[in-house]
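Residue strings, one per chain:
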Amino acid sequence: MVKRTRFDDESCPVARSVDVVGDWWSLLIVRDAFDGSRRFGDFQRSLGVAKNILTARLRSLVDNGILDHTDRDYTLTTKGEALFPVIVALRQWGETFAFEPGEPHSQLLDRENQQPLRPLEVRAADGRRVTPDDTEVRKLP
């Protein structure tokens, strides 16, 4: 078995984030939690994942403060709810690039007006839309 590379000592925030929620099962569990799944069986039915893998991923999400586990329910913590823009960004990217034109897929709608969400944009502190060319990474001391 290949040993998993850990990034919890890495100075890059992306690497540390991937260390916590970077595998597909974890992100799909978080997605399902946003969609209302609360119990082990809910996640298992939705994902079709093996019980031992689901158990390990749920435990990791609880240990990392993404989910709370009380009695039989799993609920998103504040830290978990903060992943909402990440899930929306992945969903919007997938809607744009992962389907052929006209291919059926799910869509995230605003409950209030039943309309799709506007595409997410990255904005500077002053409100300007920024692209990768407008940014730089700077190490903090």
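Calculation criteria
For every chain, the first residue of the written sequence is number 1, and numbering continues from 1 along that sequence. A pLDDT threshold of at least 70 governs which residues receive local features in this predicted model, and a stricter bar of 80 or more applies before side-chain atom pairs are shown or counted, although totals over entire chains, interfaces and linings include all residues. To get the side-chain values, take all heavy atoms of the structure and skip hydrogens and water. A run of H or I in DSSP becomes a helix once it reaches four residues, and a run of E becomes a strand once it reaches two; helices and strands are each numbered from the N terminus. Accessible area is worked out with a 1.4 Å probe on protein chains only. A residue is then buried under 20% of its type maximum, exposed over 50%, and partly exposed in between. We call two residues in contact when some of their heavy atoms are within 4.5 Å. Positive residues here are Lys and Arg, negative ones are Asp and Glu, while His and the chain termini are left out of the count. The location of each charge is read from NZ of Lys, CZ of Arg, CG of Asp or CD of Glu. Definition used for salt bridges: Asp or Glu carboxyl oxygen within 4 Å of a side-chain nitrogen of Lys or Arg. Each nonpolar core is a collection of buried residues, namely Ala, Val, Leu, Ile, Met, Phe, Trp, Tyr and Cys, held together in the definition by side-chain atoms within 4.5 Å. Within 6.5 Å between ring centres, the rings of Phe, Tyr and Trp (the latter by its six-membered ring) count as paired, and their orientation is classed by plane angle as stacked under 30 degrees, edge-to-face over 60, tilted in between.

## With respect to the overall build of the protein
(1) Moving on: The number of helices and strands found in the protein is 6 helices and 2 strands.
(2) Moving on: Along the chain direction, N to C, the helices and strands of the protein fall in the order α-α-α-α-β-β-α-α.
(3) Moving on: With the principal axes as the frame, the protein shows a C-alpha extent of 45 × 45 × 30 Å.
(4) Moving on: Within the protein, the proportion of its 141 residues that are buried is 21%.
(5) Moving on: Within the protein, contacts between residues separated by at least 24 positions form 40% of all contacts whose residues are at least 6 apart in sequence.
(6) Moving on: Taking the average place of the 21 positive charges on the side chains of the protein and the average place of its 23 negative ones, the gap between the two points comes to 4 Å.

## Considerations on the pattern of salt bridges
In a structure, side chains of opposite charge can pair up when their charged atoms sit close to one another.
(1) Moving on: Under the criterion given, the structure shown has 8 salt bridges.
(2) Moving on: Ionic pairing is found between Asp42 and Arg45, a salt bridge with its closest N-O pair at 3.0 Å. In this pair, Asp42 and Arg45 are both assigned in helix α3 (residues 40-47), 3 residues apart and thus about one turn of the helix distant.
(3) Moving on: On the accessibility criterion, Asp42 (27% relative accessible area) is partly exposed.

## Examining the side chain of Asp32
(1) Moving on: Take Asp32: it is sitting in helix α2 (residues 24-34).
(2) Moving on: The residues contacting Asp32, other than those within four sequence positions of it, are Ser37, Phe43, Ser46 and Leu47.

## Structural notes on the nonpolar core
(1) Moving on: Grouped together as the largest cluster of nonpolar side chains are 18 residues, with contacts concentrated most on Ile29, Val30, Phe43, Leu58, Leu61 and Leu67.
(2) Moving on: Broken down by secondary-structure element, the contributors of at least two residues to this core are α2, α3, α4 (51-63) and β2 (73-76).
(3) Moving on: Sorting elements by how many residues they give to this core places α2 first, with 5 residues.
(4) Moving on: Setting aside residues up to four positions removed in sequence, Val30 forms contacts with Leu61, Ile66, Leu76, Leu83 and Ile87.

## Some thoughts on the packing of aromatic side chains
(1) Moving on: Taken as a whole and assessed by the stated rule, the structure comprises 3 aromatic pairs.
(2) Moving on: Where Trp93 meets Phe97, the ring centres are 5.6 Å apart and the plane angle is 45°; that geometry is what we call tilted. Here Phe97 and Trp93 lie together in helix α6 (residues 84-97), a separation of 4 residues that amounts to about one turn. As far as burial versus exposure is concerned, Trp93 and Phe97 are alike and both exposed.

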